[in-house]
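Structural features, examined
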Amino acid sequence: MKTLIFRMLVSIIVISVCSCSKDDTKELEVYPDEVVELVSSTILEELEGLKMTINRGDDPPAIEGTYIIGPCEFDCSNLVENMDGCYLPDIKVSFYNHVVGDKSLVISHNYCFDSNYEGGKCDSSKDTYIMGEGRNFTVFSRITMHKEVNPAVFVCVISGTIIEEGIVDTKVARFMYDDLGDPLGSMMEVGKGIIFFDSDGLSERIVN
């Protein structure tokens, strides 16, 4: 069952109709040029339409560290299948090489299938941008996944509030940026994606 849900998220089966309401009349908020170039205006519009949390500001907090995001519960998507009640594999995410005052960092994440948080596919990216204010932050990243089999480029957005114990109110969005031709015909359409959240309220900080 976990393998099936994982493939729905990462391999990603073509599924589509929005399970969240969208406001098609709202104008796109103003974003830094670096974010628009990294994510694309199309995906930003989808994120806003699905009410993804975006923490704005020019003074994001220090977030370096490793965290376990989970249980990952489905929130909404612009895909056709209603996934209400679905849970996705936990994510072990690390932020590093972040200098306070700088807007870039390195991010890596591993989808976890066992109690040791191992067994998933680990991906990392330097194509990132962080913004926020106080303890609230949003990290935008663009990452190539499935390099060996059916590569594709995804946009990943992680938002939350940093505290000593970890990240609270964590939300994660994963959207298709470029299917690179989709040679196996298994990827979702460009601009489609899913949003999920840590349903216990805390993405725990761990020591590697």
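Residues numbered from 1 in each chain as written. Predicted model: local features only at pLDDT ≥ 70, side-chain atom pairs only at ≥ 80, totals over all residues. Heavy atoms only, no water.

On to the overall build of the protein, then. Within the protein, the regular secondary structure consists of three helices and 13 strands. Split into buried and exposed, the 208 residues of the protein put 49% on the buried side. By sequence separation, contacts in the protein at least 24 residues apart represent 64% of the contacts at least 6 residues apart. For the protein, the exposed surface amounts to about 9,700 Å²; the carbon and sulfur share of it is 49%. (Helix = DSSP H or I, 4+ residues; strand = E, 2+ residues; numbered from the N terminus. Buried < 20%, exposed > 50% of the residue type's maximum accessible area, 1.4 Å probe, protein only. Contact = heavy atoms within 4.5 Å. Areas by Shrake-Rupley, 256 points an atom, 1.4 Å probe, with all protein chains shown as cover.)

This part takes up helix α3 (residues 41-49). The complete set of buried residues in α3 reads Ile43, Leu44, Glu46, Leu47, Glu48 and Gly49. Looking at the buried positions of α3, the neighbouring elements they touch are α2 (33-39), β9 (136-145), β10 (152-163) and β11 (166-178). Lys51 occupies a position one or two residues after α3 and carries a positive phi of about 60 degrees.

Along the chain, the position of Thr161 falls in strand β10. A polar contact of 2.6 Å, which involves the side chain of Thr161, links it to the side chain of Asn136. Not counting the four nearest positions on each side in its chain, Thr161 is found in contact with Arg135, Asn136, Phe137, Gly166, Ile167 and Val168. (Polar contact = N/O pair within 3.5 Å; in protein donor to acceptor, adjacent residues only side chain to side chain.)

The next subject is the packing of aromatic side chains. Counting across every chain of the model gives two aromatic pairs. The interplanar angle of 50 degrees and the centroid separation of 6.1 Å between the aromatic rings of Tyr67 and Phe95 together place this pair among those described as tilted. Of this pair, Tyr67 sits in strand β2 (residues 65-69) while Phe95 sits in strand β5 (residues 90-96), and the two are 28 residues apart along the sequence. Like Phe95, Tyr67 is buried. Where Phe95 meets Phe137, the ring centres are 6.2 Å apart and the plane angle is 80 degrees; that geometry is what we call edge-to-face. Placement of Phe95 in strand β5 and of Phe137 in strand β9 is noted, with a sequence separation of 42 residues between them. On the accessibility criterion, Phe137 (0% relative accessible area) is buried. The ring of Tyr31 has Arg56 lying over it, and the distance from NZ or CZ to the ring centre is 4.2 Å. The cationic tip of Arg174 hangs over the ring face of Phe154; the distance from NZ or CZ to the ring centre is 5.9 Å. (Phe/Tyr/Trp six-rings, centres within 6.5 Å; stacked < 30°, edge-to-face > 60°. Lys NZ or Arg CZ within 6 Å of the ring centre and 35° of its normal.)

This paragraph deals with the pairing of β10. Within β10, 11 of the 12 residues are buried, which leaves the element mostly enclosed by the surrounding structure. Direction of pairing for β10 relative to β11: antiparallel, over a ladder of 10 bridges. Counterpart to Phe154 in the pairing with β11 is Met176. Here β10 hands over to β11 after two residues, the two strands then running antiparallel side by side. (Pairing = 2+ DSSP bridges.)

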